Amino acid sequence: MIQRTVPSLRKLLLRPPGYLSSSKIGTYQSYASQPSSLQIPDSTYSDLDEYANVDWDNLGFGLMPTDFMYVTKCSTGQNFGHGQLDRYGNIELSPSAGVLNYGQGLFEGTKAYRKENGKLLLFRPEENAIRMKIGAERMCMISPSIHQFVDALKRTALANKRWVPPPGKGSLYLRPLLIGTGPVLGLAPSPEYTFLIYASPVRNYFKEGSAPLNLYVEEDFDRASTRGTGSVKTISNYAPVLMAQTRAKSRGFSDVLYLDSVNKKNLEEVSSCNIFIAKGKIISTPAINGTILSGITRKSVIELASDLGYLVEERVVAVDELIEADEVFCTGTAVGVAPVGSITYQNRRVDYKTDSGTICQELNNTILGIQTGTIEDKKGWVVEFD
Ligand SMILES: *Cc1c(COP(=O)(O)O)cnc(C)c1O
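By the naming in an unreviewed UniProt entry, the protein chain goes by Branched-chain-amino-acid aminotransferase and is assigned to Cicer arietinum. Its UniProt record gives the protein chain a comment under Sequence similarities (unreviewed entry), which states: "Belongs to the class-IV pyridoxal-phosphate-dependent aminotransferase family." Among the UniProt annotations of the protein chain, the heading Cofactor (unreviewed entry) holds the following wording: "pyridoxal 5'-phosphate".

Below is the structure:
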């Protein structure tokens, strides 16, 4: 049944445009219910060809399945071969797959933007590739080459191009995964790995939209420990913070701000983004020390802020400094440069400047402008392709 109703890539490209413009989300179910020769008036052809049927003005950060995913596998002792674009859908796994039993997995996240000229843009994709490579070494996994990773991102974005939002309406979030898919029983590295990339159109990460975040400083749970895997984007770092995040959200906070696990008094980061504080012309952020994730947005913002004349310090930032800060903001691919409106620590809430003219806004406009192609990229960060 699925065989018959899910067309191959080749067949799909021969279909009349709009064949897959299913209701609000393109799931397998909705394809299956599509008549094979949809009658579409000529006048709407070009529109349907260019864009999927999505309410672009109301995108959040939920999963909206797209047409294709990139998949390739590799056994121990080999390198990843050329991947292919499969229809997006479920994957089959052995119950004893390394990722299911022992959490051997890494993820990445980057965004493709659509430029006014119709071309697509990626932001520093080789940085994601390098991070996955370093993470794979830490997790005893085989990783794709930098070139293959970047090429796979481009191919995935192009195959799902009609899901890339119009300029100014968001981006196509690309989610690379590297997972141990070979069977294991005793604790050991998996004998086989799968590298795949799926995509979803997105806009705002937090339900607050672009409104300031209200963070809660967590004292009962640590996110990472010294010499652990806090600096690696391994899937195994994320389920353990769900409890703290859920609790904070149920108390009305947007997310959790973690402290270091040794002294319990220095800032680390938020569940899925890095943190900065600003006072006068000085911007500070916790130094990369092995327990925080080395964000690509963080690294880029540090460089841009220096160019704009701020003094940027990467150092130990004590939680007590939150009381004196003028501004606090978070950085990450998903959130961009997001303003923090308040932080609550030991029953004390401190509020920050978030109105117009903030450093946060200046940095967000700058980086977003570069990422979307409206500000000239003088650093060679942006990859344009079609
Ligand atoms: C992904 C992630 C970040 C942000 O990294 P970017 O490369 O800027 O997207 C920060 N902290 C954590 C814990 C993350 O998982």
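Trainee: I'm lost on the UniProt feature "modified residue: N6-(pyridoxal phosphate)lysine" (unreviewed entry) in the protein chain in this one. Help?
Mentor: Under the present numbering, the feature "modified residue: N6-(pyridoxal phosphate)lysine" (unreviewed entry) in UniProt falls on Lys233. Tracing the backbone through its elements, the reader meets Lys233 in the loop between strand 8 (213–218) and helix 8 (242–250). The residues contacting Lys233, other than those within four sequence positions of it, are Gly105, Leu106, Phe107, Glu108, Arg131, Tyr238 and Leu293.

Trainee: Could you clarify how one ought to interpret the site of the ligand in this entry?
Mentor: Near the ligand, the surroundings consist of 15 residues, among which Lys233, Tyr238, Glu269, Thr297 and Thr333 are the closest. When the ligand is considered free in solution it has 380 Å² of accessible area, and contact with the protein chains removes 96% of it.

Trainee: So what exactly am I meant to see when it comes to the confidence of the model for the protein chain here?
Mentor: Across the protein chain, the average pLDDT comes to 89, with 87% of residues at or above 70. In the predicted structure, residues 1–7 sits below a pLDDT of 50 and forms 8 contacts with residues beyond four places in sequence or in another chain. Below pLDDT 50 for its whole length, residues 10–48 participates in 55 contacts with residues either more than four positions away or in separate chains.

Trainee: Which parts of the structure should I look at to understand the packing of helix 6 (residues 125–138) against helix 7 (residues 146–159)?
Mentor: A pair of packed helices is characterised by two quantities: the angle between their axes and the separation of those axes. Taken N-terminus to C-terminus, the directions of helix 6 and helix 7 make an angle of 130 degrees; their axes are 9 Å apart at the nearest point. With respect to helix 7, the element helix 6 is oriented oblique. Viewed along their axes, helix 6 and helix 7 form a crossing whose handedness is right-handed. Residues Pro125, Glu126, Asn128, Ala129, Ile130, Met132 and Lys133 of helix 6 form the contact with helix 7, whose own contacting residues are Ile146, Phe149, Val150 and Leu153. In terms of residue class, the contact of helix 6 with helix 7 is made up of 8 nonpolar, 1 polar and 2 charged.

Trainee: Got a minute to help me understand helix 9 (residues 296–307) in this structure?
Mentor: Each turn of an α-helix holds 3.6 residues, which means side chains three or four residues apart point in the same direction. Here helix 9 is 12 residues long and its end C-alpha atoms lie 17 Å apart, about the 16 Å a rise of 1.5 Å per residue gives. Every buried residue of helix 9 is accounted for by Ile296, Thr297, Arg298, Ser300, Val301, Ile302, Leu304 and Ala305. Gly309 lies just past helix 9 and shows a positive phi near 100 degrees.

Trainee: Looking at this structure, I do not really get the nonpolar core. What am I missing?
Mentor: Ranked by internal contacts, the top residues of the largest apolar core, which has 35 residues, are Leu106, Leu174, Leu178 and Phe195. Not counting residues within four places of it along the chain, the set of residues in contact with Phe195 comprises Tyr70, Val71, Thr72, Phe80, Met132, Pro144, Phe149, Ala152, Pro176, Leu177 and Leu178.

Trainee: Where do I start with the environment of Val316 in this structure?
Mentor: Considering the arrangement of structural elements, one finds Val316 in the loop between strand 13 (311–315) and strand 14 (327–332). Under the relative-accessibility criterion, Val316 is labelled exposed at 58%. Sequence separation between Val316 and Ala287 is 29 residues, and the spatial gap between their C-alpha atoms is 6.3 Å. Every residue in contact with Val316, bar those within four places of it in the chain, is listed here: Asn266 and Glu321.

Trainee: Is there a simple way to think about the packing of aromatic side chains in this case?
Mentor: Between two aromatic rings, the relevant description is the distance of the centres plus the angle of the planes. The full count for this structure, using the stated rule, is 10 aromatic pairs. Note on Tyr70 and Phe195: the rings are 5.8 Å apart at their centroids and 70 degrees apart in plane angle, and the pair reads as edge-to-face. Of this pair, Tyr70 sits in strand 1 (residues 68–75) while Phe195 sits in strand 7 (residues 192–202); the two residues are 125 residues apart in sequence, bridging distant segments of the chain. Neither Tyr70 nor Phe195 differs from the other in exposure class; each is buried. Seen in terms of ring centroids, Phe107 and Tyr238 are 4.9 Å apart; in terms of plane orientation they differ by 70 degrees. Their pairing is edge-to-face.

Conventions adopted
- Residues numbered from 1 in each chain as written.
- Predicted model: local features only at pLDDT ≥ 70, side-chain atom pairs only at ≥ 80, totals over all residues.
- Heavy atoms only, no water.
- UniProt positions renumbered as here; feature names shortened; annotations may be inferred.
- Helix = DSSP H or I, 4+ residues; strand = E, 2+ residues; numbered from the N terminus.
- Contact = heavy atoms within 4.5 Å.
- Near = heavy atom within 4 Å.
- Areas by Shrake-Rupley, 256 points an atom, 1.4 Å probe, with all protein chains shown as cover.
- pLDDT = per-residue confidence, 0-100.
- Axes fitted to C-alpha atoms, helices over the stretch in contact; angles between N-to-C directions.
- Parallel < 35°, antiparallel > 145°, perpendicular 65-115°, else oblique.
- Left-handed = near helix turned anticlockwise from the far one by under 90°.
- Nonpolar A, V, L, I, M, F, W, Y, C, P; charged D, E, K, R; others polar.
- Expected span 1.5 Å × (residues − 1).
- Buried < 20%, exposed > 50% of the residue type's maximum accessible area, 1.4 Å probe, protein only.
- Core = buried A, V, L, I, M, F, W, Y, C linked by side-chain atoms within 4.5 Å.
- Phe/Tyr/Trp six-rings, centres within 6.5 Å; stacked < 30°, edge-to-face > 60°.

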